[in-house]
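Each chain, written out:
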Amino acid sequence: MYQCMNHRFQEYSVLLLPKAVVLCMYLEAGGVDLQGRSVVELGAGTGLVGIVAALLGANVTVTDRELAVEFLKSNVQDNLPKELEHKMSVKALNWGSGLEHFSHFDVILGADIIYLEETFQDLLKTIIHLSTEHTVILLSCRLRYQRDHNFLDMMRKHFTVDQVHYDKNVDVYIYKAQKAQREEF
Ligand SMILES: C[S@@+](CC[C@H](N)C(=O)[O-])C[C@H]1O[C@@H](n2cnc3c(N)ncnc32)[C@H](O)[C@@H]1O
């Protein structure tokens, strides 16, 4: 489905966005039901994953840092079919701040967002804020450094985290996380 994006975007994405492309393919294959779901993409960059989620029937908020939002907006405008414009919004979301402006989502998506150790606490805080026990979180990443594993360990303190996919051609993993159920008393 990401192949229907405009030509320049398509070439760019295949060459430079393997984690986003692998996540898109997982979504296209039905990895999670997106029909009518509220979805937020964190650190969206080009917005590729969010656009594919909208094409698959979700109501999507794509987010990135303030300074990346103009680029994100123009990419979404260039690549999202007009009839789906009402299903997608673009917002600034700097991890860890202004979270009171955001509520819960059914699905949280993130491609290649586990990479800056200094952002890990804020990223985790953001994911915790945006999720309930019913929220499905999908993160695609490479696991190159110890710090990448460290983030997954931080996630495991609050969520159950499972590897649900590995693409050996591009060495990209997808992890699915869900808030750990609290015991009923
Ligand atoms: C490596 S890029 C991945 C972009 C896109 N998800 C992809 O796979 O092509 C990481 C993204 O995270 C965003 N990012 C980094 N630090 C952030 C922060 N503190 N708050 C929000 N977004 C952040 C960057 O602006 C960038 O778009």
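Here the residue index of a chain counts from 1 through its sequence in written order. Reporting in this predicted model follows two pLDDT cut-offs: at least 70 for local features of residues, and 80 or more for side-chain atom pairs to be given and counted; totals over whole chains, interfaces and linings ignore these cut-offs and use all residues.

J.: What should I look at first to understand the overall build of the chain in this one?
T.: Where helices and strands are cited, they refer to DSSP runs of H or I of at least four residues and of E of at least two residues respectively, numbered from the N terminus. Secondary structure assignment for the chain yields six helices and seven strands. Taken from the N to the C terminus, the helices and strands of the chain come in the order α-α-β-α-β-α-β-β-α-β-α-β-β. A sequence separation of at least 24 residues applies to 66% of the contacts in the chain between residues at least 6 apart. Residues are defined as contacting one another if the C-beta atoms placed from their backbone atoms lie within 7 Å.

J.: I would appreciate a short explanation of helix H2 (residues 18-28) in the present structure.
T.: Burial of H2 is extensive: eight of the 11 residues sit out of reach of the surface. Burial in H2 covers these residues: Lys 19, Ala 20, Val 21, Val 22, Leu 23, Cys 24, Tyr 26 and Leu 27. Immediately downstream of H2, the backbone of Gly 30 shows phi near 90°, a positive value. Here a residue counts as buried when 20 or more other C-beta atoms sit within 10 Å of its C-beta, as exposed when there are 12 or fewer, and as partly exposed otherwise, the C-beta atoms being derived from the backbone.

J.: Before we go on, may I ask you to explain the pairing of strand E7 (residues 172-179) in this structure?
T.: The side chains of a regular strand alternate, residue by residue, between the two faces of the sheet. Where strand E5 (residues 136-141) meets E7, five bridges bridge the pair, whose relative direction is antiparallel. Within the sheet, the bridge partner assigned to Leu 138 lies in E7 and is Lys 176. In textbook terms, the turn of a hairpin is the stretch between consecutive antiparallel strands, and for strand E6 (residues 159-167) and E7 this stretch comprises four residues, one of which, Asp 171, has a positive phi near 55°. By this definition, two strands are paired if DSSP reports at least two bridges between them.

J.: Mind showing me how you'd approach the sheet that holds E5 here?
T.: The strands making up a sheet associate through backbone hydrogen bonding, with each pair oriented either parallel or antiparallel. The mixed open sheet is built from seven strands, whose spatial order is E3-E2-E1-E4-E5-E7-E6. The open sheet terminates on both sides in strands that have one partner only, identified here as strand E3 (88-92) and E6. Sheet twist, expressed as the mean angle between neighbouring strand axes with direction ignored, is 20°. As defined by bridge partners, E6 adjoins E7 across eight bridges and the pair is classed as antiparallel. By the bridge assignment, Tyr 166 is partnered in E7 with Tyr 173. Whenever a helix is involved, its axis is fitted only over the stretch in contact; in every case the axis is a line through C-alpha atoms, and angles between N-to-C directions fall within 0 to 180 degrees. Along the sheet, helix H3 (residues 48-55) contacts strand E1 (38-42), strand E2 (59-64), E3 and strand E4 (107-111); its crossing angle with E2, the most-contacted strand, is approximately 175°. Of the strands in this sheet, E5, E6 and E7 are in contact with helix H6 (residues 146-156), which crosses E6 at around 140°.

J.: What's the story with helix H5 (residues 120-130) in this structure? I'm lost.
T.: Along an α-helix, residues three or four apart share an orientation, since each turn contains 3.6 residues. Leu 123, Thr 126, Ile 127 and Leu 130 are the residues of H5 that are buried. Along the axis of H5, the buried positions cluster into a sector of 95°, meaning they face one direction only. At its buried positions, H5 is contacted by E1, E4 and E5. It is the directions from the helix axis to the C-beta atoms that the arc portrays.

J.: Could you clarify how one ought to interpret the environment of Asn 169 in this entry?
T.: Positionally, Asn 169 belongs in the loop between E6 and E7. A count of 7 C-beta atoms within 10 Å places Asn 169 in the exposed class. Separated by 151 residues in sequence, Asn 169 and Pro 18 have C-alpha atoms that sit 9.8 Å apart.

J.: Got a minute to help me understand the environment of Val 161 in this structure?
T.: Structurally, Val 161 can be placed in strand E6. If near-sequence neighbours (up to four positions away) are discounted, Val 161 is found in contact with Leu 152, Met 155, Arg 156, Tyr 175 and Ala 177.

J.: How should I be thinking about the pairing of E3 in this particular structure?
T.: Sheet topology note: the E2/E3 ladder contains five bridges and is parallel. If you follow Val 60 over to E3, its bridge partner there is Met 88. Regarding topology, helix H4 (residues 69-79) serves as the crossover connection from E2 to the parallel E3, and that connection is right-handed. Throughout, right-handed denotes a crossover for which the path from the first strand over the helix to the second runs clockwise when the strands point away from the viewer.

J.: What is the right way to read the environment of Asp 171 from this model?
T.: Within the secondary structure layout, Asp 171 lies in the loop between E6 and E7. Judged by C-beta crowding, with 13 C-beta atoms within 10 Å, Asp 171 ranks as partly exposed. Along the chain, Asp 171 and Lys 19 lie 152 residues apart, while their C-alpha atoms are 8.9 Å from each other.

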